[in-house]
Amino acid sequence: MTALEKIQQLIATDLQRLNDLIRSELSSSNILMNTVIDNYLESKGKQIRPIIVILCAKMFGTVSEQVLQGAAAVELLHNASLIHDDVVDDSKLRRNRPTINSIWDNHIAVLVGDYFVSTALREAIATSDMRIVASICDLGKMLSLGEIDQIYNARHHSLTEESYYKIISYKTASLFVACAKVGCYASAAPADALAKLSRVAELLGLCFQIRDDIFDYYPSEKVGKPTGNDLREGKITLPLLHALSKTDVAEHAQMTALAGEESLSDDKIARLQAFARDNGGIEYAVSEMQRLRNEAFALLDTLPDGDARRALMSIFDYMIERDY
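Residues numbered from 1 in each chain as written. Predicted model: local features only at pLDDT ≥ 70, side-chain atom pairs only at ≥ 80, totals over all residues. Heavy atoms only, no water.

Draft legend 1. Spotlight on the overall build of the chain. Check the secondary structure of the chain and you find 17 helices and two strands. Against the compact-globule benchmark of 20 Å for 324 residues, the chain has a radius of gyration of 20 Å, which places it among compact chains. Across its three principal directions, the C-alpha atoms of the chain cover 60 × 50 × 35 Å. Burial status across the chain gives 52% buried among its 324 residues. Total accessible area on the chain stands at roughly 14,700 Å², and carbon and sulfur atoms take up 52% of it. If you average the places of the 34 positive and of the 45 negative side-chain charges in the chain, the two averages end up 2 Å apart. (Helix = DSSP H or I, 4+ residues; strand = E, 2+ residues; numbered from the N terminus. Rg over C-alpha atoms; globule rule 2.2 N^0.38 Å. Buried < 20%, exposed > 50% of the residue type's maximum accessible area, 1.4 Å probe, protein only. Areas by Shrake-Rupley, 256 points an atom, 1.4 Å probe, with all protein chains shown as cover. Lys, Arg positive; Asp, Glu negative; His and termini not counted. Charge placed at Lys NZ, Arg CZ, Asp CG, Glu CD.)

This is the structure:
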């Protein structure tokens, strides 16, 4: 059993209540909408984000209806972004299942994504806490800005770690931060704990994205899913950024020029992947995750001990060590 599965078991009753709430709130009088949503909900994913909401809340209180409504709002908005991303990327699979756009079409997928967004806002409002409503609204803006920043940098070939961290802070870590805030607000956590858990969640989100990015630098058969997609889209992530920062490497100029090309063949992508692996890119990215983990653990050590705190710590190790 993985660390994440142990946590899911620990809060199984809360997760079941959450999923019952989500399914109930998404139900409508439209047969097609219900069919699409029922199919989509058959695969819930890891649900790491609502788990963070629940764990942060459990540190300072019980998992109330307000906590579940806030967790549902975050999870629904997250899934809306995935549904829309699948349309933009023309993805055929999500969680090893056909995407909404591949089964039905882009038109229906966009509408279903919009329906998720609206339901997320309704759940935020149901908490009767304007801080939670504001967090969900701010999150929607951050997710959009992160994607736009990534597209801009891919087109203009920005090759700095500062730009990279800004993008993943917006497009990934912001979602984790929103989870911590919602959990803290719904459980009346002290202000200092809110600040610390928000930073812990941000660090966790950064680790999550760095690990995802590492997968992209291995052959598909090793990872078990298509890789090289970021490079194919012009996205230069941390492993390659680090390798390209080594100006004394013989292939530096050639690889920098290659990374700046508008369109990359599979052969060129394989060369860039190998260059990142051969020049310490993977090791550097892993060391960055460890650095972020250590900062998070130092903060968590100052918060109340218990199952919730220990679970948050184990999520970091799971995130860094996961192989999918």
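Draft legend 2. Expanded view of the packing of helix 4 (residues 48–58) against helix 17 (residues 307–321). Packing of helix 4 against helix 17 leaves a shortest axis separation of 8 Å and a crossing angle of 150°. Between helix 4 and helix 17, the interaxial angle falls into the category roughly antiparallel. As for the relative orientation of helix 4 and helix 17, their crossing is left-handed in sense. Residue-level inspection shows I48, I51, L55 and K58 of helix 4 in contact with helix 17, the latter providing A308, A311, L312, I315, Y318 and M319. Grouping the amino acids of the contact of helix 4 with helix 17 by side-chain chemistry returns nine nonpolar, no polar and one charged. (Axes fitted to C-alpha atoms, helices over the stretch in contact; angles between N-to-C directions. Parallel < 35°, antiparallel > 145°, perpendicular 65-115°, else oblique. Left-handed = near helix turned anticlockwise from the far one by under 90°. Contact = heavy atoms within 4.5 Å. Nonpolar A, V, L, I, M, F, W, Y, C, P; charged D, E, K, R; others polar.)

Draft legend 3. Region of the structure containing the packing of aromatic side chains. Enumeration over the complete set of coordinates arrives at four aromatic pairs. An angle of 45° between the planes, with centres 5.7 Å apart, marks the rings of F176 and F208 as tilted. With F176 in helix 9 (residues 161–186) and F208 in helix 10 (residues 191–215), the pair connects residues that are 32 residues apart, well separated along the chain. There is no split in this pair, since F176 and F208 are both buried. (Phe/Tyr/Trp six-rings, centres within 6.5 Å; stacked < 30°, edge-to-face > 60°.)

Draft legend 4. Quick look at the side chain of E123. Within the secondary structure layout, E123 lies in helix 7 (residues 106–126). Setting aside residues no more than four positions away along its own chain, E123 makes contact with L21, E25, Q69, A72, A73 and L76.

Draft legend 5. A look at unusual backbone geometry. Positive phi, close to 55°, is recorded for Q47, a residue that is not glycine. Here Q47 is to be found in the loop between helix 3 (31–41) and helix 4. Here the phi dihedral of D90 falls at roughly 55°; this positive angle occurs in a residue that is not glycine. Along the chain, D90 falls in the loop between helix 5 (65–89) and strand 1 (93–94). Residue D90 is classed as partly exposed on the basis of its relative accessible area, which comes to 43%.

Draft legend 6. Molecular detail of helix 16 (residues 281–300). The first and last C-alpha atoms of helix 16 sit 29 Å apart over 20 residues, in line with the 28 Å expected at 1.5 Å per residue. For helix 16, the set of buried residues is G281, I282, A285, E288, M289, L292, R293, A296, F297 and L300. Residues of helix 16 that are buried in the fold lie against helix 9, helix 10, helix 13 (238–244), helix 15 (266–278) and helix 17. (Expected span 1.5 Å × (residues − 1).)

Draft legend 7. Seen up close, empty space enclosed by the protein. Tallying each qualifying case throughout the model produces four cavities of 30 Å³ or more. Of the pockets and cavities examined, the largest cavity occupies roughly 150 Å³. Along its surface, the largest cavity is lined by 15 residues, and N153, S158, I167, K235 and I236 are the ones closest to its centre. Broken down by secondary-structure element, the contributors of at least two residues to the lining of the largest cavity are helix 8 (130–156) and helix 9. (1 Å grid on protein atoms, 1.4 Å probe; cavity = no way out; pocket = protein on both sides within 12 Å on 5 of 7 lines; lining within 4 Å. Points joined across faces, edges and corners; volume = space filled by probe spheres on them.)

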